[in-house]
Amino acid sequence: MNDDLKALIRTIPDFPKPGIQFRDITTLLLDAGGFAQTIARMAAATLGPVDLIAGIEARGFIFAAALAAPLNAGVLLIRKDGKLPGATIAEDYALEYGEDRIVMHEDALVPGQRVLLVDDLIATGGTARAAVRLLRKAGAELRQAQFVIDLPELGGADALRAEKIQVDSLLS
Ligand code: PRP
Ligand code: HPA
C-alpha cells in the first residue's frame, strides 16, 4: 500500500541545485485517490484529539488544511517572515547557506491547546524544529509531528524525537 503512494511521488534530479534528488509531491496531489489516501492515513495516525493543526508554508498548508475536517480541528499557519498581517512571534533556523525565519500570529493559540504539526517533508529538520520552538513558546501542547515524506539519512526526524515529539511519516 505504501508502495502505491510512493509511486505517486516524482523524483527530479538536480533541483534546486546539482546533486539534489528532489522529491516532488505535486504528482501525488494530482491523483485524487492518492491524495485522499494520504489524508486518511495521516488522520488515522493522529494521537488523540487535537484542537489545531499547524501547517508549515507552503506545502505543509495543503496537508494541514485537508486534515482539518477529518480531525475536527482548526488550522494554524506557520509562515515565512513578512507574510502575516498581525503581531507575530518568530524563530530563526539555519539553512545550508545563511538563515531563515518562520513566524506565527502571537494570539493564534490559547496556551494548553493541543496542536499537531504537519509538513510535506522532513529533511534536516531545521524547519520543523523551529516550528516546535515557536509553538511551544506560544504555549502549545505539542506531542506529535506528521510528514508525508521523511528523508531519514538527513536526521531530521531523530532530531525532532530528541525534543520529545512523536514523529510519523507515511513514506521514507
Ligand atoms: C521544504 C519542505 C519543508 C522543509 C524541509 O520547504 O516543505 O518545509 O523544506 O527541510 P528541512 O527539514 O531541512 O528543514 P521549503 O523551505 O522548500 O519551502 P516551500 O514549501 O515554501 O517550498
Ligand atoms: N523535496 C521537497 N522538499 C525538500 C526536499 C525534497 O527532496 N529536500 C528538502 N526539502
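For the structure, check the block above.
Residues numbered from 1 in each chain as written. Chains lettered and ligands numbered in written order. Predicted model: local features only at pLDDT ≥ 70, side-chain atom pairs only at ≥ 80, totals over all residues. Heavy atoms only, no water.

Engineer: So what exactly am I meant to see when it comes to the pairing of strand β9 (residues 166-171) here?
Structural biologist: Both faces of the sheet carry side chains from a regular strand, because those side chains alternate between them. In this structure, strand β8 (residues 141-150) lies alongside β9, joined through five bridges in parallel fashion. Directly across from Gln146, in β9, lies its bridge partner Asp168. Taken together, β8, helix α6 (residues 156-161) and β9 form a β-α-β motif whose crossover is right-handed. (Pairing = 2+ DSSP bridges. Helix = DSSP H or I, 4+ residues; strand = E, 2+ residues; numbered from the N terminus. Right-handed = clockwise from strand over helix to strand, strands pointing away.)

Engineer: Explain the pattern of salt bridges to me, please; I cannot follow it from the model alone.
Structural biologist: Two side chains with opposite charge may pair up if their charged atoms get near one another. For the structure shown, the criterion picks out nine salt bridges. The shortest N-O distance in the salt bridge between Asp24 and Arg10 comes to 2.8 Å. Note that Asp24 is positioned in strand β2 (residues 21-24) and Arg10 in strand β1 (residues 10-13), a separation of 14 residues in sequence. With relative accessibility at 8%, the residue Asp24 sits in the buried group. Between Glu91 and Arg133 there is a salt bridge, with the nearest N and O atoms lying 2.8 Å from each other. With a gap of 42 residues between them, Glu91 in strand β5 (residues 88-94) and Arg133 in helix α5 (residues 126-137) connect regions that are remote in the sequence. Overall, Glu91 belongs to the buried group, its relative accessible area being 14%. For Arg133, a relative accessible area of 33% gives the class partly exposed. (Salt bridge = Lys/Arg side-chain N within 4 Å of Asp/Glu carboxyl O. Buried < 20%, exposed > 50% of the residue type's maximum accessible area, 1.4 Å probe, protein only.)

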